[in-house]
Amino acid sequence: MTARPRKRLVSAIDIIGDSRLTIAVRLALYCGTRISEVCGLKWEDIENDFNRLWVRRSIGRGMDGLYIKEPKTGKIRDVPISQALAEHLKAYKNMQFASSKSKGVAPSDAFFVVGNSYGGYCSPDIISHEWRALSSSMSLIGTEGRICTFHDLRHTFATAAIAAGVDVKTVSSILGHANAAMTLNVYASADPDAKKRAADIIERAI
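Let me sum up the structure you'll find in this document. Just so it is clear, the structure is predicted and the values come from calculations on it, not from any experiment.

Looking at the overall build of the protein
Counting secondary structure elements, the protein contains nine helices and four strands. The order of helices and strands in the protein, counted from the N terminus, is α-α-α-β-β-β-β-α-α-α-α-α-α. Within the protein, the proportion of its 206 residues that are buried is 42%. Here the analysis covers contacts within the protein between residues at least 6 apart in sequence; of these, 56% occur between residues at least 24 apart. Summed over its atoms, the accessible surface of the protein is roughly 10,600 Å², and 55% of this surface lies on carbon and sulfur atoms.

Pasting the structure below:
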């Protein structure tokens, strides 16, 4: 997504408020996490000061259904959390724990962040379905001219970060890639806004 649809999306989820879907969207958009990693995140994976989270597991699908597995790369990684995202996470944790108590369930940091009041995880398929309904209703079109998928949020994170001047190695580390070349080749697609800025820079240089 380019800057305009990104702003529309952020405004929309601000209006919707903190929910399972909007928290999942924020984690993907601001942390570059995969949908399987978002669903595998537990509150114990988020440090007490809410400045950093650890990607330790993901939710996969096999012949017998859903199961917990290692992250795609097989490596645990840490991801920084912005102040704004931290506030949303704190508020949502309080909401989730309050809901658990109302059902007679003792809340625990072992609960999944994007889960239910009983601590269980949510299927990535459900998040994907909810996202598809939201993105379609908003007509969120990506740089490839189609309705954005949930994975496009991770793509958007990489593209926006690099366009904003974050060094590629840092972005690669956050995404969990083996090297920076993979980040550039797979996720950092050409940003139309960046192209326009480049043209203006070249014009001034000439």
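On we go.
Brief notes about the side chain of T22
Here T22 is to be found in helix 2 (residues 20-31). Take T22: its relative accessible area is 1%, and that puts it in the buried class. The residues touching T22, leaving out its near neighbours within four places in the chain, are I13, I16 and G17.

Description of the environment of H151
Note that H151 resides in helix 6 (residues 151-163). On the basis of relative accessible area, H151 is assigned to the partly exposed category, the value being 39%. Once the C-alpha coordinates of H151 and S128 are considered, the two residues, 23 residues apart in sequence, prove to be 9.0 Å apart.

Focus on the layout of surface pockets
Roughly 210 Å³ of internal volume is contained in the largest pocket. Looking at the lining of the largest pocket, the elements that each hand over two or more residues are helix 1 (3-16), helix 2 and helix 6. Partitioned by chemical class, the residues of the lining of the largest pocket number seven nonpolar, one polar and two charged.

Structural notes on the pairing of strand 2 (residues 58-62)
In this sheet, strand 3 (residues 65-69) lies alongside strand 2 in antiparallel orientation, the contact comprising five bridges. Note that in strand 3 the partner of S58 across the bridge is K69.

A closer look at the state of the cysteines
Tallying each qualifying case throughout the model produces zero disulfides. Distance from the sulfur of C39, which forms no disulfide, to the nearest cysteine sulfur (C122) is 5.3 Å. Residue classification places C39 among the buried residues on the basis of a relative accessible area of 0%.

Notes on the environment of R77
Mapped onto the elements, R77 comes out in strand 4 (residues 77-80). The class of R77 is buried, set by a relative accessible area of 6%. In this structure the C-alpha to C-alpha distance between R77 and W54, which are 23 residues apart in sequence, comes to 5.7 Å. Excluding anything up to four places from it in sequence, R77 contacts G32, T33, R34, E37, L53, W54, V55, R154, S173, I174, L175 and G176. Side-chain polar atoms of R77 contact the side chain of E37, separated by 2.8 Å.

Focus: the pattern of salt bridges
Counting across every chain of the model gives twelve salt bridges. For D14, the salt bridge goes to R26, with nearest N and O atoms at 2.6 Å. Taken together, the positions of D14 in helix 1 and R26 in helix 2 put the pair twelve residues apart, joining distant regions of the chain. Assessed through its relative accessible area of 44%, D14 is described here as partly exposed. On the basis of relative accessible area, R26 is assigned to the buried category, the value being 4%. Two residues, D45 and R57, come together in a salt bridge whose shortest N-O distance is 2.4 Å.

What counts, and at which threshold
- Residues numbered from 1 in each chain as written.
- Predicted model: local features only at pLDDT ≥ 70, side-chain atom pairs only at ≥ 80, totals over all residues.
- Heavy atoms only, no water.
- Helix = DSSP H or I, 4+ residues; strand = E, 2+ residues; numbered from the N terminus.
- Buried < 20%, exposed > 50% of the residue type's maximum accessible area, 1.4 Å probe, protein only.
- Contact = heavy atoms within 4.5 Å.
- Areas by Shrake-Rupley, 256 points an atom, 1.4 Å probe, with all protein chains shown as cover.
- 1 Å grid on protein atoms, 1.4 Å probe; cavity = no way out; pocket = protein on both sides within 12 Å on 5 of 7 lines; lining within 4 Å.
- Points joined across faces, edges and corners; volume = space filled by probe spheres on them.
- Nonpolar A, V, L, I, M, F, W, Y, C, P; charged D, E, K, R; others polar.
- Pairing = 2+ DSSP bridges.
- Disulfide = S-S within 2.5 Å.
- Polar contact = N/O pair within 3.5 Å; in protein donor to acceptor, adjacent residues only side chain to side chain.
- Salt bridge = Lys/Arg side-chain N within 4 Å of Asp/Glu carboxyl O.

Honestly, it's all geometry; don't read function into it.
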